[in-house]
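Coordinate analysis (summary)
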Amino acid sequence: MPTITTIQDLKDLHERRVPRMFYDYAESGSWTEQTFHENTTDFEKIRLRQRVAVDMTGRSTAGQMIGEDVSMPVALAPVGSTGMQHADGEILAAQAAEAFGVPFTLSTMSICSIEDVAANTSKPFWFQLYAMKDKRFVERVIQRAKDAKCSALVLTLDLQILGQRHKDIKNGLSIPIRPTVPNLIDLATKWRWIAAMAKTKRRQFGNIVGHIDGISDMSSLSIWAAESFDPKLNWDEVKEIKKMWGGPLILKGILDAEDAKMALNVGADAIIVSNHGGRQLDGALSSIRALPAILDAVGDKVEVHMDGGIRSGQDVLKALALGAKGTYIGRAFVHGLGAMGGPGVTKALEIIHKELDTTMALCGETNVADLGRHNLLVPKDFEGQWQSP
Ligand SMILES: Cc1cc2nc3c(=O)[nH]c(=O)nc-3n(C[C@H](O)[C@H](O)[C@H](O)COP(=O)(O)O)c2cc1C
């Protein structure tokens, strides 16, 4: 067993242990993958100010996201098909998040159902909703999230149609895996994954199969999924969903200051500056670059969170110091899960927490709430000299 000290170590193990099509599904972006790559490389452009001779005892990374206490402002992002990275993946990740004291967000497209995750955790988690054409499904799933005592609804706005990921097409991504020769050769080396999968019954989209008329198996589900995202989603519909839900609402997928203002107008409790981990609009700004303009536009009126490209505690610190009140990790926890199941998610959180805590101290700060632009060296052209309309 290699010694694990970084998220990259978990990623290497994830790649070795999980079937190629599911590893690639996670570790890819749309089209040229420019935005996917810049989500991480743009973090490197920001440098930290080292401060010395500051009493660094009594440090705290604790804070709040939408009024909920968190041991650090790092939530687990909604990730579809997490239960294919490791058997019972959503339950294991939710349990790890709960033990660590950070929020877990369950995707609409999860393998373990809302009810299943609720039955296997003791603290409320957040539920992520995709707006679907089928309004009865939306109503029912919101009711199910309420019944499961989910404490926030994360409504994703940047996936009305799907960005294309070439690898998924080339790999013939499917759930369950089709027994083709390349897939069987690949699976022959993934015995750990197969052994865990053989022991669970959770191998379908748990929030959907059995909850929609006419959807009882995966073949009809794949047709439904391809046709079901609502291309007509608009701000009036967002308002309707907010009313239907009636609790804290987080709008995910905001990358433009104008949209941030719209989100404010519909009464969002928080927004997530996000480009879906570079999986949707290729060529869009990285999240960390888009963050400052959005903070300038609405940062004093609504809680601004961000995700995209976070692979270390240093990245978290940079986002917080720019002004984000919370961050999310997607691939960073998925790498942990694929590598080692639940303990791998805990490991990912531990790595990020330790990096955040130590980096904060070396910046001369003892509390995440005190982080600010004064801790950063941001290149003058960081936000870019873009021609705006
Ligand atoms: C494999 C994968 C599946 C995802 N599925 C969803 C999803 O079901 N719903 C959603 O709102 N976002 C989804 N996302 C986007 C994440 O919530 C998040 O925005 C993104 O992963 C952040 O970037 P990072 O992976 O670099 O941390 C997914 C991301 C990945 C990598």
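The residue numbering used here restarts from 1 in each chain and proceeds along that chain's sequence as written. Local features in a predicted model are, by the rule used here, given only for residues with pLDDT of at least 70; side-chain atom pairs are given and counted only at 80 or more, and totals for whole chains, interfaces and linings are based on all residues.

**Let's talk about the overall build of the chain**
Secondary structure elements follow DSSP: runs of H or I of four or more residues count as helices, runs of E of two or more count as strands, with numbering from the N terminus. A tally of regular secondary structure across the chain gives 17 helices and 12 strands. Considering only C-alpha atoms, the chain reaches an extent of 60 × 50 × 45 Å along its principal axes. Residues with at least 20 other C-beta atoms within 10 Å of their own are called buried, those with 12 or fewer are called exposed, and the rest are partly exposed. The C-beta atoms themselves are positioned from the backbone. When the 389 residues of the chain are sorted by exposure, 47% land in the buried category. Contact between two residues is assigned when their C-beta atoms, built from the backbone, lie within 7 Å. Contacts in the chain between residues at least 24 apart in sequence constitute 72% of all its contacts with a sequence separation of at least 6.

**Remarks on the site of the ligand**
By convention here, the C-beta atom is placed from the backbone, and a residue is near a molecule or strand when that atom is within 6 Å of it. Taken together, 24 residues lie near the ligand, and A77, G80, S107, G277 and G330 sit nearest. At the level of secondary structure, the elements contributing two or more residues to the shell around the ligand comprise α2 (20-26) and α16 (331-340). Put simply, Ala, Val, Leu, Ile, Met, Phe, Trp, Tyr, Cys and Pro go in the nonpolar bin, Asp, Glu, Lys and Arg in the charged bin, and everything else, Gly too, in the polar bin. Here the shell around the ligand is composed, by residue class, of nine nonpolar, 11 polar and four charged.

**Thoughts on the packing of helix α14 (residues 287-298) against helix α15 (residues 313-322)**
Running from N to C, α14 and α15 cross one another at 20 degrees; their axes reach a closest spacing of 10 Å. As far as their axial angle goes, α15 and α14 are roughly parallel. Between α14 and α15 lies a crossing whose hand is right-handed. Between α14, through I288, L291, P292 and L295, and α15, the contact on the second element is made entirely by K318, A319 and L322. Residues of the contact of α14 with α15, tallied by class, amount to six nonpolar, no polar and one charged. Only C-alpha atoms enter the line fits that serve as axes; for helices the fit covers just the stretch in contact. Angles between N-to-C directions range over 0 to 180 degrees. For classification, angles of less than 35 degrees are called roughly parallel, those exceeding 145 degrees roughly antiparallel, those between 65 and 115 degrees roughly perpendicular, and all remaining angles oblique. Note on convention: near helix rotated counterclockwise from far helix by under a right angle means a left-handed crossing. Clockwise means right-handed.

**What to know about the nonpolar core**
Structurally, a nonpolar core is described as a collection of buried Ala, Val, Leu, Ile, Met, Phe, Trp, Tyr and Cys residues joined by way of C-beta atoms within 7 Å. If you look at the biggest cluster of nonpolar residues, it comprises 106 residues, and the most contacted ones within it are L76, A93, I271 and V273. Contacts of V273, omitting those with residues within four sequence positions, involve I254, L255, S287, A290, L291, I294, V304 and M306.

**Focus: the UniProt feature "binding site: glyoxylate" (unreviewed entry) in the chain**
UniProt positions are given in the numbering used here, feature names are shortened, and annotations may be inferred rather than shown by experiment. Under the present numbering, the feature "binding site: glyoxylate" (unreviewed entry) in UniProt falls on Y25, R165, H276 and R279. The greatest C-alpha distance among the annotated residues, which extend across 255 residues, is 13.2 Å, indicating that they converge on a single site. Along the chain, the position of Y25 falls in helix α2. Not counting the four nearest positions on each side in its chain, Y25 is found in contact with S81, D168 and L173. Judged by C-beta crowding, with 21 C-beta atoms within 10 Å, R165 ranks as buried. Leaving out residues up to four positions away in the same chain, R165 has contacts with S28, G29, S30 and R279.

**A word on the packing of helix α13 (residues 257-265) against α14**
With their axes 9 Å apart at the nearest point, α13 and α14 run at an angle of 40 degrees to one another. The orientation of α13 relative to α14 falls into the category oblique. Seen from above, α13 lies across α14 with right-handed handedness. The residues of α14 that touch α13, namely those facing A257, A260, K261 and L264, are A293, I294, A297 and V298. For the contact of α13 with α14, the class distribution of residues is seven nonpolar, no polar and one charged.

**What about the sheet that holds strand β6 (residues 126-130)?**
Pairing in this open sheet of eight strands is parallel, and the strands run β4-β11-β10-β9-β8-β7-β6-β5 from one edge to the other. Edge positions in the open sheet fall to β4 (74-76) and β5 (105-106), since each of these has one partner strand only. With five bridges joining them, β6 and strand β7 (residues 152-156) adopt parallel strand pairing. Across the sheet, residue W126 finds its bridge partner in β7, namely A152. Two strands are said to pair when DSSP picks up at least two bridges between them.

**What about the environment of Q95?**
Among the secondary structure elements, Q95 is positioned in helix α5 (residues 89-100). Its 20 C-beta neighbours within 10 Å are what place Q95 among the buried residues. Taking the C-alpha atoms as reference, Q95 lies 9.2 Å from K123; in sequence the two are 28 residues apart. Q95 has contacts with N120, T121 and G342, leaving out every residue within four places of it along the chain.

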